[in-house]
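An overview of the molecular structure
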Amino acid sequence: MARTQAADYDEKQASITAHAAKLFARYGFGGASISELASSCGVSKSLIYHYYSSKEQILYAVMIEHMTALIEVLDTDHYKGLTPDETLREFARRLLRRYVGEADSQRVLLYELDYLPEGQRAEIKGMQRQLIDFAELQLARVNPASTEQRAALRSRVMLFFGMLNWTHTWLKPGGVIDRDTIADLASGITIDAVRKS
């Protein structure tokens, strides 16, 4: 007879994923053990394996959950009627708002991707490319001539994401500068560079 799923299955699984994000962010995927994860969750190792078959599967859960939330900023209805400049600024704002409370997951995504099996790694990279392609499209619309120098345009796009993606290391909640201001600064710098190219 198949084992029935507990009513709080999803809640417990989400708790394990959240604790794993903290551990992986602090110690790295290689430096964190299932035993430590079980201890931080206040459960047994065997219970961890009831929810996840491997440590890699937990890592994938951390990343796919985070990336799924980030991909939601691509909802095109949100950008209707906006100019390319406005679209990039709003995109940056929405992205940084998604980072709120997700510093651990963001750190794991940036540092631990190579630990995923090839297929899962390709899936995460594909989702990242959707974000990159969206930003690149807006910048190409800002200055259509920039598409003639594709490598330079892509470099500016990657610098744009570099400015946003590393805010988890220094931007403090409730600080003097808020996330929207940082998003506007990053967008403005990038737009100006593309216009002059």
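As a reminder, the structure under discussion sits directly above these lines.
Residues numbered from 1 in each chain as written. Predicted model: local features only at pLDDT ≥ 70, side-chain atom pairs only at ≥ 80, totals over all residues. Heavy atoms only, no water.

Okay, the overall build of the protein chain next. Secondary structure assignment for the protein chain yields 9 helices and 0 strands. Its helices and strands taken in sequence order, the protein chain reads α-α-α-α-α-α-α-α-α from the N to the C terminus. Counting only C-alpha atoms and orienting by the principal axes, one finds that the protein chain spans roughly 65 × 40 × 30 Å. Within the protein chain, the fraction of its 197 residues that count as buried is 41%. Counting contacts in the protein chain only where the partners sit at least 6 residues apart, residues at least 24 apart contribute 69% of the total. Accessible surface for the protein chain amounts to roughly 10700 Å². Of this, 52% is attributable to carbon and sulfur atoms. (Helix = DSSP H or I, 4+ residues; strand = E, 2+ residues; numbered from the N terminus. Buried < 20%, exposed > 50% of the residue type's maximum accessible area, 1.4 Å probe, protein only. Contact = heavy atoms within 4.5 Å. Areas by Shrake-Rupley, 256 points an atom, 1.4 Å probe, with all protein chains shown as cover.)

Attention now moves to the pattern of salt bridges. Close approach of charged atoms lets side chains of opposite charge pair. Considering all chains together, one arrives at 11 salt bridges under this definition. For the salt bridge of D8 with K12, the shortest nitrogen-to-oxygen distance reads 3.5 Å. Given the relative accessible area of 29%, D8 is considered partly exposed. The partner of D184 in a salt bridge is R93, with the nearest N and O atoms 2.6 Å apart. Separated by 91 residues along the polypeptide, D184 in helix 9 (residues 179-196) and R93 in helix 5 (residues 84-98) bring together distant segments of the chain. Relative accessible area serves as the criterion here: at 24%, D184 is assigned to the partly exposed category. What emerges from the salt-bridge pattern is a single network uniting E90, R93, R97, D180 and D184. (Salt bridge = Lys/Arg side-chain N within 4 Å of Asp/Glu carboxyl O.)

Along the chain, A152 turns up in helix 8 (residues 150-165). Separated by 36 residues in sequence, A152 and G188 have C-alpha atoms that sit 17 Å apart.

F91, I124, L131, F160 and F161 are the most contacted members of the largest nonpolar core, which has 59 residues in total. Here this core gets 10 residues from one element, more than from any other, and that element is helix 4 (residues 55-71). Sequence-distant contacts of L131, defined by excluding residues within four places in its chain, comprise M67, L70, I71, V73, L74, F91 and F161. (Core = buried A, V, L, I, M, F, W, Y, C linked by side-chain atoms within 4.5 Å.)

Right, let's get into the environment of T87. By secondary structure assignment, the location of T87 is in helix 5. By relative accessible area, which is 3% here, T87 ends up buried. Separated by 47 residues in sequence, T87 and F134 place their C-alpha atoms 9.8 Å apart. Setting aside chain neighbours within four positions, we find T87 in contact with Y79, L82, F134 and Q138.

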